[in-house]
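Examining the three-dimensional arrangement
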Amino acid sequence: MGRGRRRYRGEAGTEPQDIDLLVVGNPDVDLLRAVVEEAAATLGRDVNPKVLTPKEWASGTSGFVTQLHHDALVELDLFAR
């Protein structure tokens with residue numbers, strides 16, 4: 001389990017150096033890039049986006065998605081309008 005998830009669950013330790021951002025949907029690439037750059041500047045750390053389609057997320061067939069379904073996630077509904 002990554003340090004960020006452990007910190008979110010209240011375990012002691014150092015803060016992660018970057019933020020992994022999962023985006024489920026089909027975002028505008030230019031808008032996503034702008035939001036990621038602004039977030040990185042505001043937070044003072046790298047933000048690494050990973051984009052999955054709703055079908056990829058719901059299927060849970062890859063090891064990456066399976067792990068995410070079981071780890072602590074913070075859901076943000078930023079692009080739904």
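Residues numbered from 1 in each chain as written. Predicted model: local features only at pLDDT ≥ 70, side-chain atom pairs only at ≥ 80, totals over all residues. Heavy atoms only, no water.

Right, let's talk about the overall build of the protein chain for a bit. Counting its regular elements, the protein chain contains four helices and two strands. If you list the helices and strands of the protein chain from N to C, you get α-β-α-β-α-α. Of the contacts made within the protein chain by residues no fewer than 6 positions apart, 64% connect residues no fewer than 24 positions apart. Working note: accessible area of the protein chain is about 6,100 Å², and carbon and sulfur atoms make up 52% of it. (Helix = DSSP H or I, 4+ residues; strand = E, 2+ residues; numbered from the N terminus. Contact = heavy atoms within 4.5 Å. Areas by Shrake-Rupley, 256 points an atom, 1.4 Å probe, with all protein chains shown as cover.)

Right, let's get into the pairing of strand 2 (residues 46–52). As judged from the seven bridges shared by strand 1 (residues 18–24) and strand 2, these two strands associate in the parallel manner. Of the residues in strand 2, the one forming a bridge with Val-23 is Val-51. Handedness of the crossover joining strand 1 and strand 2 through helix 2 (residues 29–43): right-handed. (Pairing = 2+ DSSP bridges. Right-handed = clockwise from strand over helix to strand, strands pointing away.)

So, on to helix 2. With 15 residues, helix 2 extends 21 Å from end C-alpha to end C-alpha; this agrees with the ideal 21 Å at 1.5 Å per step. The N-capping residue of helix 2, defined by a side-chain oxygen 3.0 Å from the backbone nitrogen of Asp-30, is Asp-28. (Expected span 1.5 Å × (residues − 1). Polar contact = N/O pair within 3.5 Å; in protein donor to acceptor, adjacent residues only side chain to side chain.)

Structurally, the position occupied by Glu-37 is in helix 2. Distance from Glu-37 to Asn-48, taken between C-alpha atoms, is 9.8 Å for residues 11 residues apart in sequence.

We now examine the confidence of the model for the protein chain. For the protein chain, the mean per-residue pLDDT works out to 81, and 79% of the residues sit at or above 70. Looking over the protein chain, one finds the lowest element-wise mean pLDDT in helix 1 (residues 3–8), namely 60, and the highest in helix 2, namely 94. (pLDDT = per-residue confidence, 0-100.)

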